[in-house]
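Given next are the chains, with one letter for each unit.
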Amino acid sequence: MTADATEAGGRAGGAPAPLTLPERVEVLRSRRVVTPDGVIAAAVHVAGGRITAVTGPDEVAPGAHVTDLGDLALLPGAVDTHVHVNEPGRTHWEGFATATRAAAAGGVTTIIDMPLNSIPPTTSVDALATKRAAASGQVFVDVGFWGGIIGADANNLRDLAELHDAGVFGFKAFLAPSGVEEFPHVSLDALAAAARLTARLGALTVVHAESPTVLDTAPAAAGRSFASWLRSRPPAAETEAIASLAALSAATGARLHVLHLAAAEALDDVLAARDEGLALTVETCPHYLSFIAEEVPDGATEFKCAPPIREAANLERLWDGLAEGLLVGVVSDHSPASPDVKSVDTGDFGTAWGGIASVQLGPRAVWTGARRRGHGLAELARWVATGPADHAGLGHKGRIAVGADADLVVFDPEGSAVVDAATLAHRHPLTPYAGRTLDGVVHATYLRGQRIDGARPARGQLLTR
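What you see is a predicted model, and the numbers here were worked out from it, not measured in a lab. (Residues numbered from 1 in each chain as written. Predicted model: local features only at pLDDT ≥ 70, side-chain atom pairs only at ≥ 80, totals over all residues. Heavy atoms only, no water.)

Mind showing me how you'd approach the sheet that holds strand β8 (residues 78–83) here?
Whether parallel or antiparallel, the strands of a sheet pair through hydrogen bonds between backbone atoms. Pairing in this open sheet of three strands is parallel, and the strands run β8-β9-β10 from one edge to the other. Taken across any chain shown, the strands that pair with only one partner, and hence form the sheet edges, are β8 and β10 (142–145). Across this sheet, the average inter-strand angle for adjacent strands is 20°, counted without regard to direction. As paired strands, β8 and strand β9 (residues 108–113) are joined by four bridges and run parallel to one another. By the bridge assignment, Ala-78 is partnered in β9 with Val-108. (Pairing = 2+ DSSP bridges. Helix = DSSP H or I, 4+ residues; strand = E, 2+ residues; numbered from the N terminus. Axes fitted to C-alpha atoms, helices over the stretch in contact; angles between N-to-C directions.)

Sorry if this is basic, but what is going on with the packing of helix α7 (residues 235–252) against helix α8 (residues 267–275) here?
Angle between the axes and distance between the axes: these two values describe a pair of packed helices. In the contact formed by α7 and α8, the axes pass within 9 Å of each other and the chain directions differ by 10°. Overall, the two elements α7 and α8 adopt an arrangement that is roughly parallel. Contact residues: α7 offers Thr-239, Ile-242, Ala-243 and Ala-246, while α8 offers Asp-269, Val-270 and Ala-273. Among the residues forming the contact of α7 with α8, the class breakdown is five nonpolar, one polar and one charged. (Parallel < 35°, antiparallel > 145°, perpendicular 65-115°, else oblique. Contact = heavy atoms within 4.5 Å. Nonpolar A, V, L, I, M, F, W, Y, C, P; charged D, E, K, R; others polar.)

Just checking my understanding: could you explain unusual backbone geometry for this structure?
Most peptide bonds are trans, and most residues other than glycine sit at a negative phi. The omega torsion across Glu-87 and Pro-88 is 0°, close enough to zero to call that bond cis. Relative to the helices and strands, Pro-88 resides in the loop between β8 and α1 (96–105). Following Leu-116, the chain continues to Asn-117 via a peptide bond in cis, the omega torsion being 25°. The topology assignment puts Asn-117 in the loop between β9 and α2 (125–135). Within the chain, His-260 stands out as a residue other than glycine whose phi angle is a positive 35°. Within the secondary structure layout, His-260 lies in the loop between β14 (255–258) and α8. Residue His-260 is classed as buried on the basis of its relative accessible area, which comes to 2%. Here the phi dihedral of Ser-343 falls at roughly 55°; this positive angle occurs in a residue that is not glycine. (Buried < 20%, exposed > 50% of the residue type's maximum accessible area, 1.4 Å probe, protein only.)

Would you take a moment to explain helix α12 (residues 377–391) for this structure?
Note: α-helices contain 3.6 residues per turn, so residues at a spacing of three or four share the same orientation. Along its 15 residues, α12 runs 20 Å from first to last C-alpha, staying within 8% of the 21 Å computed at 1.5 Å per residue. Along α12, the sharpest kink reaches roughly 40°, centred on Trp-383. With respect to burial, α12 is a largely interior element, eleven of its 15 residues being buried. Along α12, the positions that sit buried rather than exposed are Leu-377, Leu-380, Ala-381, Trp-383, Val-384, Ala-385, Thr-386, Gly-387, Pro-388, Ala-389 and His-391. Just past α12, the residue Gly-393 takes up positive phi, approximately 85°. (Expected span 1.5 Å × (residues − 1). Bend = angle between axes of the 7 residues up to and from the residue.)

I tried to follow the sheet that holds strand β13 (residues 204–208) on my own but got confused; where do I start?
The five strands are arranged β11-β12-β13-β14-β15 in an open sheet whose pairing can be described as parallel. Here the strands that pair on one side only, and so sit at the sheet edges, are β11 (147–148) and β15 (280–282). Two strands pair when backbone bridges link them, and β11 and strand β12 (residues 171–174) are joined in this way by two bridges, in the parallel orientation. Opposite Gly-147, over in β12, you have Phe-171 as the bridge partner. Lying over the sheet, α7 contacts β13, β14 and β15, oriented at roughly 170° with respect to β14.

I tried to follow the layout of surface pockets on my own but got confused; where do I start?
In this approach a probe as big as a water molecule rolls over the atoms, and the regions it shows empty are the leftover space. Here the largest pocket is characterised by a volume of approximately 570 Å³. Lining the largest pocket are 33 residues, with Pro-177, Ser-178, Trp-229, Arg-233 and Ala-306 sitting closest to its centre. Contributions of two or more residues to the lining of the largest pocket are made by β12, α5 (212–217) and α6 (226–232). Looking at which element gives the most residues to the lining of the largest pocket, the answer is α5, with three residues. (1 Å grid on protein atoms, 1.4 Å probe; cavity = no way out; pocket = protein on both sides within 12 Å on 5 of 7 lines; lining within 4 Å. Points joined across faces, edges and corners; volume = space filled by probe spheres on them.)

Any chance you could explain the packing of aromatic side chains here in plain terms?
What describes a pair of aromatic rings is the distance from one ring centre to the other and the angle between the planes of the rings. Under the criterion given, the structure shown has eight aromatic pairs. Relative to Phe-145, the ring of Phe-96 has its centre 6.3 Å away and its plane inclined at 70°; by these criteria the two rings are edge-to-face. Residue Phe-96 is found in helix α1, and its partner Phe-145 is found in strand β10; the two are separated by 49 residues along the sequence. For the pair Phe-96 and Phe-145, one class covers both residues: buried. What links up through ring pairs into an aromatic cluster is the set Phe-291, Phe-303 and Tyr-433. Arg-90 extends its terminal NZ or CZ atom over the ring of Trp-93, reaching a point 5.4 Å from the ring centre. Cation over ring: Lys-304 sits above Trp-229, and NZ or CZ is 4.3 Å from the ring centre. (Phe/Tyr/Trp six-rings, centres within 6.5 Å; stacked < 30°, edge-to-face > 60°. Lys NZ or Arg CZ within 6 Å of the ring centre and 35° of its normal.)

Before we go on, may I ask you to explain the pairing of strand β4 (residues 38–47) in this structure?
If a strand is regular, its side chains alternate between the two faces of the sheet. Both strand β3 (residues 27–35) and β4 contribute to a ladder of seven bridges, which runs antiparallel. Bridge pairing in β4 links Arg-29 to Ala-43. Between β3 and β4, which pair antiparallel one after the other, the connecting turn spans two residues. Here β4 pairs with strand β5 (residues 50–55) via five bridges, running antiparallel. Considered in β5, the bridge of Val-46 is made with Ile-51. Linking β4 to β5, which pair antiparallel, is a turn of two residues; within it Gly-48 sits at a positive phi near 60°.

Laid out in structure tokens, this is it:
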């Protein structure tokens, strides 16, 4: 990340003045500080890695080191609760150093790692220890971990309480095949057994919600046609699965969360579940808010994900649902793979790995769509920072407030830049955002008051619930 920014520096009508951003924050002052109470002119004071005060812009103690950002905005660091790091086991797809360096470059200061596609998957305490050992000393942002529920009979049910005690943030399950043999999907009966346990633990269960019954009757994807992939994962797969989860939440009292919602028509079930007081929540991803099926080129397997990117009307309904508060937030589902695994040479949607690399670009992608629909920085912070943080139980993250970690992003909301894949920090710069103009420019990212520049030492911490 660059250490320098350019801003007006308070010189009305003057040329931009250079601003050198400090390595360590004491006070950052901006005319646009994004707080839980809205966007205000303020001075943010930091000591010991925490925010100690948010005052008026001129209420600064004599002798304090103040960096005046002028009109550059100060946002809370984004919290991305859906990231596939893949290390150990598939580190040639992605690893902790590359994934967290990319996150920091995009203004993300906390990620929670999914229990697959690493080998071993995070389905036991021993596997969690292996994952933590692999991450230790090489994370540039803070990292937490999900546990996993696997197998038609929830084979690792006995491991869940131990994983919970070890500090995982909850448990992930697939209702349909995951794509990797070491993380088999669960039946609804198995998920019900797991949900009864996670309800007793007070733990969150997050679910890849596509019905295998619907998928089994859909035509298989093959060849370079994106339409073939779209037909193979119809919206009914999501709506049927989500209806089953609502019934399961009602029966067990479990906190169930729908991952990466693509089919906007399922929001009706989400609203009904909320009105019934059920503990059913849902997220979506930047790619479902940015791309439409009508514009995906054939052979462009970098767009392949499951569920698939859907049509333009669906995208607009997702934006409406986000604005209406039906989703807890927007997280990346960063799931990168090497070009050969993505079938880049053939462009075959039937054989390509389904996953989109975007952890570095998520907040900017959301801002691009939000700004063009009349939303502001307060909504952006709620959708990519505060909402995901609160949902994961990270009340000290994702907000600019006294007592919170000083995870801060210096952001130019009026700036824009074309995504150059060569500048991306994740292991394989293969992304559907390449060549796309995104609004917003991240000038610096701070973790507990210290600027992240992608160089050693990596100062991120491994988090427990």
